[in-house]
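Summary of structural features
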Amino acid sequence: MSTEDPRTARTRARLRESLLAECAHRTLGEVSVSAVARRAGVGRATFYLHYEDLTALALDACADVVHAAVDALHAWQTDPGARAPARPPAALAAFLADAAAHGALYRTLLLPGGGGPLGDRLHRELRARAHAERTAVGAPHAGLVASAVAAAFTGVLADWLHGLVPGDAAELADRLWPLLLALHGAHRRQP
């Protein structure tokens, strides 16, 4: 396994931070490579050594949101057999509030309904985690339920960020959590 050169890691981190700052109040389409590079203190050539384009940088910058979403949905789990709480974990509302704060960028990469490059990645990682957890405890229909949970969460998150689902982060967490629990429980072990 190779490790990233520390200078490369620092440059990429500065470029990610720069993009997030540039997208704080503008869409990705309104941001230029020159502005991102200038804010990061690097030249355009250095930018292109690390990223093909702004979308590639944006996906890299948003990778943490995918991990945060997966972790927020599973924050209550202390062991594979733990039962889900009736109320959503606090981490879910915190994740949603953070997603709203970066909404301009996420809306560019996460289209209504859950499509787009960020939606595809979020769906893949949520599905993989749910599938692994269901398989570990011997729950039936691991693939079906994992796909349904990943699709529901990704789609609702995208639609909420695009203003198609009303409510603030805490309200959405309260309404989304029972839906996800219902999907997990839809296929109980059958005789």
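Throughout what follows, the structure given in this document is the object of discussion.

This part is about the pattern of salt bridges. Following the criterion strictly, the structure yields nine salt bridges and no others. Arg7 is paired through a salt bridge with Asp5; the nearest N and O atoms lie 3.3 Å apart. Residue classification places Asp5 among the partly exposed positions, given a relative accessible area of 29%. Between Arg121 and Glu125 there is a salt bridge, and its shortest N-O distance comes to 3.4 Å. A residue pair is termed a helical-turn pair when its members lie 3 or 4 positions apart in one helix, as Arg121 and Glu125 do in helix α8 (residues 116-136) at four residues. A single network of salt bridges, built from pairs that share partners, joins Arg12, Arg16 and Asp60.

So, on to unusual backbone geometry. For His141, which is not glycine, the phi dihedral falls at a positive 55°. Residue placement: His141 occurs in the loop between α8 and α9 (142-161).

We now examine helix α10 (residues 169-185). Taking 1.5 Å per residue as the helical rise, α10 with its 17 residues ought to reach 24 Å, and the 24 Å between its terminal C-alpha atoms agrees with that figure. For α10, the secondary structure elements touched by its buried residues are α5 (63-73), α6 (90-101) and α9. In this structure Asp168 caps α10, since a side-chain oxygen of it lies 3.2 Å from the backbone nitrogen of Ala170.

With that settled, consider the environment of Ser32. Residue position: Ser32 is located in the loop between α1 (6-22) and α2 (33-40). Given a relative accessible area of 33%, Ser32 falls into the partly exposed group. The spacing of Ser32 and Leu179 is 147 residues in sequence and 40 Å in space, taken between C-alpha atoms.

Ranked by internal contacts, the top residues of the largest apolar core, which has 51 residues, are Leu19, Leu54, Phe95, Leu96, Phe153 and Leu157. No other element matches α9, which puts ten residues into this core. Leave out the neighbours within four places in its chain, and Leu157 touches Phe95, Leu96, Ala99, Leu110 and Leu122.

Moving on, we come to α9. Look at α9: 28 Å from first C-alpha to last across 20 residues, which is about the 28 Å you get at 1.5 Å a residue. In terms of burial, α9 is largely enclosed, as 15 of its 20 residues are buried. Two residues or fewer after α9 comes Gly163, characterised by a positive phi angle close to 80°.

Conventions used here
Residues numbered from 1 in each chain as written. Predicted model: local features only at pLDDT ≥ 70, side-chain atom pairs only at ≥ 80, totals over all residues. Heavy atoms only, no water. Salt bridge = Lys/Arg side-chain N within 4 Å of Asp/Glu carboxyl O. Buried < 20%, exposed > 50% of the residue type's maximum accessible area, 1.4 Å probe, protein only. Helix = DSSP H or I, 4+ residues; strand = E, 2+ residues; numbered from the N terminus. Expected span 1.5 Å × (residues − 1). Contact = heavy atoms within 4.5 Å. Polar contact = N/O pair within 3.5 Å; in protein donor to acceptor, adjacent residues only side chain to side chain. Core = buried A, V, L, I, M, F, W, Y, C linked by side-chain atoms within 4.5 Å.

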